[in-house]
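The primary structure of each chain is shown beneath.
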Amino acid sequence: MQHILVFGGDGQLGQSLQKVTTTSDKECVYHFFGKQEANLLNCDSLDLLFQKYKPTHIVNCAAYTGVDKAEEETENAFSINCLGAENIASLCKTYDSCLIQISTDFVFAGTKAAPLKEIDPTHPIGIYGKSKLKGEEAVKNIGCCYFIVRTGWLYSEFGNNFLKTMLRLGETKKSLNVVSDQVGTPTYAVDLAYFIKYLIAHDKKGREIYHFSNDGVASWYDFAHEIFSQAQLDVKVAPIPTEKYPTLAKRPLYSVLSKEKLINDFNYPLSHWKDSLRQCLTYLNS
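First things first, this report covers the structure right here in the doc. (Residues numbered from 1 in each chain as written. Predicted model: local features only at pLDDT ≥ 70, side-chain atom pairs only at ≥ 80, totals over all residues. Heavy atoms only, no water.)

1. Here's the deal with the nonpolar core
The tendency in soluble globular proteins is for nonpolar side chains to be buried side by side.
Then comes step 1: Counting residues in each nonpolar core, the largest one holds 50 residues, and the members touching the most others are Val59, Ile100, Phe195, Ile196 and Phe228.
Then comes step 2: Counting residues per element, this core draws most heavily on helix H6 (residues 189–201), at nine residues.
Then comes step 3: Core analysis: the second largest hydrophobic core is formed by 23 residues, Phe7, Leu91, Cys92 and Cys144 among them. (Core = buried A, V, L, I, M, F, W, Y, C linked by side-chain atoms within 4.5 Å. Buried < 20%, exposed > 50% of the residue type's maximum accessible area, 1.4 Å probe, protein only. Helix = DSSP H or I, 4+ residues; strand = E, 2+ residues; numbered from the N terminus.)

Right, here's the structure in full:
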């Protein structure tokens, strides 16, 4: 029997993992811990969890994800995203556990106008991306078994995200301005959860980085337009450049992730983002 510990179990991806692992599984038992049950900065309390469960895998969904707030709370962002990841990786090495570390498209500058590969140079332009990249480097330096999975533009029926913000605004607004020159791929967190479950179930061992997102390309404007279309909400969406919507942190203008390595290594099927959006909306409406 394999025991899998999921840190950040109360977040969007953690809840998505709970959704896809609720059915009885004779091989794997998943244990979910929120920030109250598992403080990534308290090595002693983490060690007790490792001692108790002797996990084969750890999924680290826990992260400081406030992109703009990170610019002002730099120390907090690095503590959680870097030191927290390092603490988990050290325990994984001690207990011979495999770490699945969730990372982000924000480790790239967003200046390459072609799908970003795992081997492409990283150059984060904000504190959030810099802290997540430092977390990646810490995991690799520890030398445990790991899979770093980079993703971006996550949404789901859980937590707060762009989809749910648009649906909420769509109930009261007749028109919205949405940034059109930031390009990536909307990614259903439940689809990512299924891939994580796949990695664990197939007992993959290694020290690898993979990119995961849904298939296709969109701007935030495209995403918003498709949300209102599928949800049958009469909202006019106007495209605006990033400079017309200033934020504290800079965002990558291009963060489409290449899944070529993932497909070659696993022959893993990917859903188009529009199809996954329809699936999520169906669940929300039910």
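Still to come is the rest of the account.
2. A few points about the sheet that holds strand S3 (residues 57–60)
Then comes step 1: Strands sit in the order S2-S1-S3-S4-S5-S10 across an open sheet of six strands; the sheet is parallel. On the outer flanks of this sheet lie strand S2 (28–33) and strand S10 (207–211), each paired with one strand and no other. Averaged over all adjacent pairs, the angle separating strand axes in this sheet is 20 degrees, with direction ignored.
Then comes step 2: Judged from the four bridges that link them, strand S1 (residues 2–7) and S3 form a sheet pairing that is parallel. Within S3, the position partnered with Leu5 by the bridge is Ile58.
Then comes step 3: Strand contacts of helix H2 (residues 43–53): S1, S2 and S3, with the helix running at about 160 degrees to S1, the strand carrying the most contacts. (Pairing = 2+ DSSP bridges. Axes fitted to C-alpha atoms, helices over the stretch in contact; angles between N-to-C directions. Contact = heavy atoms within 4.5 Å.)

3. Details of the packing of aromatic side chains
The geometry of two aromatic rings is summed up by the distance between their centres and the angle between their planes.
Then comes step 1: Summed over all chains, the structure comprises 21 aromatic pairs.
Then comes step 2: For the ring pair Trp153 and Trp220, a centre distance of 3.7 Å and an interplane angle of 10 degrees mean the geometry is stacked. Of the two residues, Trp153 sits in the loop between strand S5 (145–151) and strand S6 (154–155) while Trp220 sits in helix H7 (residues 220–231), which places them 67 residues apart along the sequence. Accessibility assignment for this pair places Trp153 and Trp220 in one class, buried.
Then comes step 3: Here the aromatic residues Phe147, Phe195, Tyr198, Tyr210, Phe212, Phe266 and Tyr268 are joined through ring pairs into a cluster of three or more.
Then comes step 4: Of note, Lys19 hangs over the ring of Tyr283, and the distance from its end group to the ring centre comes to 3.6 Å.
Then comes step 5: In this structure, Lys261 is placed above the aromatic ring of Tyr210, and the distance from its NZ or CZ to the ring centre is 4.8 Å. (Phe/Tyr/Trp six-rings, centres within 6.5 Å; stacked < 30°, edge-to-face > 60°. Lys NZ or Arg CZ within 6 Å of the ring centre and 35° of its normal.)

4. Re the environment of Glu157
Then comes step 1: Structurally, the position occupied by Glu157 is in the loop between S6 and helix H5 (162–170).
Then comes step 2: Setting aside residues no more than four positions away along its own chain, Glu157 makes contact with Lys19, Lys164, Tyr188, Val190, Cys280, Tyr283 and Leu284.
Then comes step 3: Among the polar contacts listed, one links the side chain of Glu157 to the side chain of Lys19, at a separation of 2.5 Å. (Polar contact = N/O pair within 3.5 Å; in protein donor to acceptor, adjacent residues only side chain to side chain.)

5. Describing H5
Then comes step 1: Every buried residue of H5 is listed here: Leu163, Met166, Leu167 and Gly170. Within H5, the buried residues cover an arc of 100 degrees as seen down the axis, which keeps them to one side.
Then comes step 2: Of the surrounding elements, those touching the buried residues of H5 are S6, strand S7 (175–179), H7 and helix H9 (273–285). (Arc of directions from axis to C-beta.)

6. Details of the pattern of salt bridges
Then comes step 1: In this structure the tally under the stated criterion is nine salt bridges.
Then comes step 2: Across the pair Lys117 and Glu260 runs a salt bridge whose closest N-O atoms are separated by 3.6 Å. You can see Lys117 sitting in the loop between strand S4 (98–104) and helix H4 (127–142) and its partner Glu260 sitting in helix H8 (residues 260–266), a full 143 residues away along the chain.
Then comes step 3: Relative accessible area serves as the criterion here: at 43%, Glu260 is assigned to the partly exposed category. (Salt bridge = Lys/Arg side-chain N within 4 Å of Asp/Glu carboxyl O.)

7. Examining empty space enclosed by the protein
Then comes step 1: This structure, assessed with the given rule, holds one cavity of 30 Å³ or more.
Then comes step 2: Roughly 30 Å³ of internal volume is contained in the largest cavity.
Then comes step 3: Surrounding the largest cavity, Asp105, Gly152, Trp153, Thr185, Thr187, Ser213, Ser255 and Leu257 form its lining.
Then comes step 4: When the residues that make up the lining of the largest cavity are grouped by side-chain class, the tally is two nonpolar, five polar and one charged. (1 Å grid on protein atoms, 1.4 Å probe; cavity = no way out; pocket = protein on both sides within 12 Å on 5 of 7 lines; lining within 4 Å. Points joined across faces, edges and corners; volume = space filled by probe spheres on them. Nonpolar A, V, L, I, M, F, W, Y, C, P; charged D, E, K, R; others polar.)

8. Some details on the environment of Tyr64
Then comes step 1: Along the chain, Tyr64 turns up in the loop between S3 and helix H3 (74–95).
Then comes step 2: Expressed as a C-alpha distance, the spacing of Tyr64 and Thr104, which sit 40 residues apart in the sequence, is 12 Å.
Then comes step 3: Residues within four places of Tyr64 in sequence aside, it is in contact with Lys69, Ala70, Glu73, Asn76, Ala77, Ile80, Asn81 and Tyr128.
Then comes step 4: Polar side-chain contacts of Tyr64 include one of 2.7 Å to the side chain of Glu73.

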